[in-house]
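Listed below are the residues making up each chain.
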Amino acid sequence: MILNFYFSLFNELVSFLSWSPVQIGAPKVQVAEELEAYPTESVELSCQFNDGGGLTKLTQVSWIWEPSDGHRDNIAVYHPVYGQSFPNVAFKDRVVFLHNSLENPSIRISNLRMSDAGRYTCEYATYPTGNEQGTTTLIMLSKPKNSANGVTVQAGTKSVVVARCEAADAKPAATIEWLAPVGGNHSTSTTSGPDGTVTVRSEYRLVPTPADNGREVICRVNQKTQKQPWVYPIKLSVEYLPSVSIEGYDHNWYVGRSDATLVCLANANPEPTTITWTAASGPLPETVVVEGNKLTVRKVDDAVNTTFICEVKNRLGSSRHQITTVVIEALEDPSSAGVVAGAVIGSLLALLLVVALIAVLLTRSRRQQRRGYPSSGDSIATGSGGSNGGDYGNKARLLFSNSGNNSSKNGTGTNNNGPIYTYREGCDATGTLTEKANDYHHHHLHHASTGNAPTAHDILLSSEMDEAERRKFDLDDSMEEEEERYDRFGGVAGGGNILPPAYHVHRGHAGEEMDVYLDDDMESQRDGSVISRTAIYV
């Protein structure tokens, strides 16, 4: 039982110590270590005395302010008998006790100032242990007043300030950085205020050129009181003389051209105030009209064969640009040139068509002449004259066409019973043809006039004629080739006495050779009829 009693006593002691606000080694005066506040706001400074066993006697409590310079000054006092006292005039009406109690003498300071920053000590006068205290550090914060601006400069060769950025009255001090693609540099300076704030200034410098005008640089401010960095873009302002150019001249100012135009373009800062057109040769020609930066030539002539000058002025000065215009001879109207070209092409095509037509007609005429027959009155025996235009010597066609349309093969009648002319070598000096009666019908030999038996020569001639007639139809497909060969023989310059190639070779009297030629011709008549003439040459 005794053991259980001591065990229960021990647990109660542990429980008491765990719930007691004053622990072993802990300070008796409990305060906050550090507080942050902004100007015009309020802050509460807590203070509490923990005696532990109630053995310490509290007589008085005081709040002592220690600014950064180390000076100590009472700002609030509380006595249980004499009450509250606020000896510092700077805190009068701004400091109050939250409780009328020595055990909890917390105060509130209103309408804070930046100068209120410092150490605040809650100090007790006790008996018998003496004074007990606890200190709170009050940090006053100030949001920076940020600003940035560009500086207007003139283009030059020296580095100058083109932009500024400032973070004023900040606590703690702010930092400034630049984001710029123009290749300059910056410098930064700081200034401390009497209330503990800090002002930071930064300047951006570069050698300004006309190309830098309108470019952008960015100022960025970082500070503890800001939730995110403050960013401000600045457009650079660089002033420069006008940069002048002239556009519109196409090197095609021909005499008579209308409304030829030149345009004067100027790039300047500040903006141009005046634009003036002049001519190097003197006053502007009468055909020239000027409207602002635009010069128009109503009609191009030799008077505008000159140099035009455009002068532009702004507040800084003036600049000029000139261009020489050359007047050329009048050009043909593109539409008329197209008509002429079309006419030439059409004429060439028509000429080619005529040449082709003439060539076709000449070729056809030559073929007809080469395949023609002797006309009435031509010599048969000699083979001269006629449409053929050739000379066959002592050899002539066996079959030919008379002036009428009733001629047929192997004679002059319609029944092939006309005379047959044969040629015999060596009959006389001229090779006269001998007339024989045509008594032969379908491969059978008959003599109509005398009844004599046919000679060997007649039989041979009749056989050759029948053979030629048969070959005419058998060789119909190859007739064109024969005609081409005939053309080559008949195409010798000057006609000549060259005969067509032999169709067959046969033996005549006394073993002599006889050449047989086959000729076929078709002739179209004006009435639409067609005459077919077939002849055999021997």
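Because the structure is a prediction, the values reported are computed rather than measured. (Residues numbered from 1 in each chain as written. Predicted model: local features only at pLDDT ≥ 70, side-chain atom pairs only at ≥ 80, totals over all residues. Heavy atoms only, no water.)

Undergrad: Even after reading the chapter, I still don't get the overall build of the protein chain, so can you show me in this structure?
TA: A count of helical and extended segments in the protein chain gives four helices and 33 strands. Across the 538 residues that make up the protein chain, the buried fraction comes to 32%. Across the protein chain, contacts joining residues at least 24 apart in sequence account for 54% of those joining residues at least 6 apart. Counting only carbon and sulfur atoms, one obtains 53% of the accessible surface of the protein chain, whose full area is about 31,900 Å². (Helix = DSSP H or I, 4+ residues; strand = E, 2+ residues; numbered from the N terminus. Buried < 20%, exposed > 50% of the residue type's maximum accessible area, 1.4 Å probe, protein only. Contact = heavy atoms within 4.5 Å. Areas by Shrake-Rupley, 256 points an atom, 1.4 Å probe, with all protein chains shown as cover.)

Undergrad: Is there a simple way to think about the sheet that holds strand β22 (residues 258-269) in this case?
TA: Strand pairing within a sheet occurs via backbone hydrogen bonds; the two strands may be parallel or antiparallel. Strand order in the open sheet formed by five strands is β13-β20-β22-β25-β24, with mixed pairing between adjacent strands. Every other strand in the sheet has two partners, leaving β13 (153-154) and β24 (288-291) as the edge strands with one partner each. One ladder, built from four bridges, connects β24 with strand β25 (residues 294-299); its direction is antiparallel. Bridge assignment links V290 to a residue of β25, and that residue is L295. (Pairing = 2+ DSSP bridges.)

Undergrad: Looking at this model, I keep getting lost on the sheet that holds strand β19 (residues 230-235). Mind explaining?
TA: An order of β15-β18-β19 is seen for the three strands of this open sheet, with the pairing classed as antiparallel. Of all the strands in the sheet, just β15 (175-179) and β19 have a single pairing partner and so form its edges. Strand-to-strand twist of the sheet, defined as the mean angle between neighbouring strand axes without regard to direction, takes the value 20 degrees. When β15 meets strand β18 (residues 216-222), the two strands line up antiparallel, connected through five bridges. Pairing of W178 across the sheet is with C219, part of β18. (Axes fitted to C-alpha atoms, helices over the stretch in contact; angles between N-to-C directions.)

Undergrad: Sorry, what's going on with unusual backbone geometry here?
TA: Apart from glycine, the bulk of residues carry a negative phi angle, and the bulk of peptide bonds sit in the trans form. For the bond from Y127 to P128, the omega torsion is 10 degrees, close enough to zero to count as cis. The residue P128 is located in the loop between β10 (118-127) and β11 (130-140) in this model. Omega for the bond connecting N269 with P270 falls within 30 degrees of zero, at 5 degrees, which places this linkage in the cis form. By secondary structure assignment, the location of P270 is in the loop between β22 and β23 (274-279). Even without being a glycine, D169 presents a positive backbone phi close to 55 degrees. Relative to the assigned elements, D169 resides in strand β14 (residues 160-170).

Undergrad: Honestly, the pattern of salt bridges in this entry has me stumped. Any pointers?
TA: Here the idea is simple: oppositely charged side chains can pair when their charged atoms come close. Taken as a whole, this structure holds 15 salt bridges when the rule is applied. Salt-bridge contacts for E66 lead to R72; the nearest nitrogen and oxygen are separated by 2.6 Å. Put simply, R119 and E66 hold a salt bridge, and the shortest N to O gap is 4.0 Å. With R119 in strand β10 and E66 in strand β5 (residues 57-66), the pair connects residues that are 53 residues apart, well separated along the chain. For R119, a relative accessible area of 39% translates into the label partly exposed. (Salt bridge = Lys/Arg side-chain N within 4 Å of Asp/Glu carboxyl O.)

Undergrad: Help me understand the nonpolar core in this model?
TA: Here is a general trend for soluble globular proteins: nonpolar side chains tend to be buried in one another's company. If you look at the biggest cluster of nonpolar residues, it comprises 27 residues, and the most contacted ones within it are W63, I75, I109, Y120 and Y124. Per-element tally for this core: the top contributor is β5, with four residues. I75 has contacts with W63, W65, S85, F86, P87, N88, F91, I107 and Y120, leaving out every residue within four places of it along the chain. Counting 22 residues, the second largest nonpolar core, distinct from the first, contains V161, L206, C219 and V221. (Core = buried A, V, L, I, M, F, W, Y, C linked by side-chain atoms within 4.5 Å.)

Undergrad: Teacher, can you tell me more about the packing of aromatic side chains here?
TA: Two measures describe an aromatic ring pair: the distance that separates the ring centres and the angle between the ring planes. Inspection of the entire model under this criterion finds eight aromatic pairs. Between the aromatic rings of F49 and Y124, the centroid separation amounts to 4.9 Å while the plane-to-plane angle is 55 degrees, which identifies the pairing as tilted. With F49 in strand β4 (residues 48-49) and Y124 in strand β10, the pair connects residues that are 75 residues apart, well separated along the chain. Between Y78 and F97 the ring centres are 5.9 Å apart and the planes differ by 55 degrees, which places this aromatic pair in the tilted class. Placement of the pair is Y78 in strand β6 (residues 73-79) and F97 in strand β8 (residues 95-97), with a sequence separation of 19 residues. For F97, a relative accessible area of 9% puts it in the buried group. Clustering of aromatic rings is evident, with ring pairs tying together W65, F91 and Y120. (Phe/Tyr/Trp six-rings, centres within 6.5 Å; stacked < 30°, edge-to-face > 60°.)

Undergrad: Help me understand the side chain of T56 in this model?
TA: Within the fold, T56 resides in the loop between β4 and β5. Ignoring sequence-local partners within four residues, the contact set of T56 consists of K28, F49, D51, T126, Y127 and T129.

Undergrad: What am I meant to see in the pairing of β22 here?
TA: Note on strand geometry: in a regular strand, side chains alternate between the two faces of the sheet. As defined by bridge partners, strand β20 (residues 238-247) adjoins β22 across six bridges and the pair is classed as antiparallel. Across the sheet, V244 pairs through a bridge with A266, a residue of β22. As paired strands, β22 and β25 are joined by five bridges and run antiparallel to one another. Opposite V263, over in β25, you have K294 as the bridge partner.

Undergrad: What is the right way to look at the confidence of the model for the protein chain in this model?
TA: Detailed reading of the predicted coordinates is not advisable wherever pLDDT is low. Summary statistics for the protein chain give a mean pLDDT of 75 and a share of 61% for residues scoring 70 or more. β19 holds the highest mean pLDDT among the elements of the protein chain, 97, whereas helix α1 (residues 2-19) holds the lowest, 40. When the criterion is pLDDT under 50, residues 373-451 qualifies, and its contacts beyond four places in sequence or with other chains add up to 152 contacts. In the predicted structure, residues 486-517 sits below a pLDDT of 50 and forms 67 contacts with residues beyond four places in sequence or in another chain. (pLDDT = per-residue confidence, 0-100.)

Undergrad: Please clarify how the state of the cysteines should be interpreted in this entry.
TA: In protein chemistry, a disulfide is the covalent bond that joins the sulfur atoms of two cysteines. Summed over the entire model, instances satisfying the criterion amount to three disulfides. With its sulfur 1.8 Å from that of its partner, C264 forms a disulfide with C310. The sign of the -85 degrees torsion about the S-S bond sets the C264-C310 disulfide as left-handed. Of the two residues, C264 sits in strand β22 while C310 sits in strand β26 (residues 307-314), which places them 46 residues apart along the sequence. Accessibility classification places C264 together with C310 in one group, the buried group. (Disulfide = S-S within 2.5 Å.)

Undergrad: What is the right way to read the environment of I328 from this model?
TA: Its place among the elements puts I328 in strand β28 (residues 327-328). Using a relative accessible area of 31% as the deciding quantity, one classes I328 as partly exposed. Taking C-alpha positions, I328 is 6.2 Å from W253, a pair spaced 75 residues apart along the chain. Not counting residues within four places of it along the chain, the set of residues in contact with I328 comprises N252, W253, Y254 and V255.

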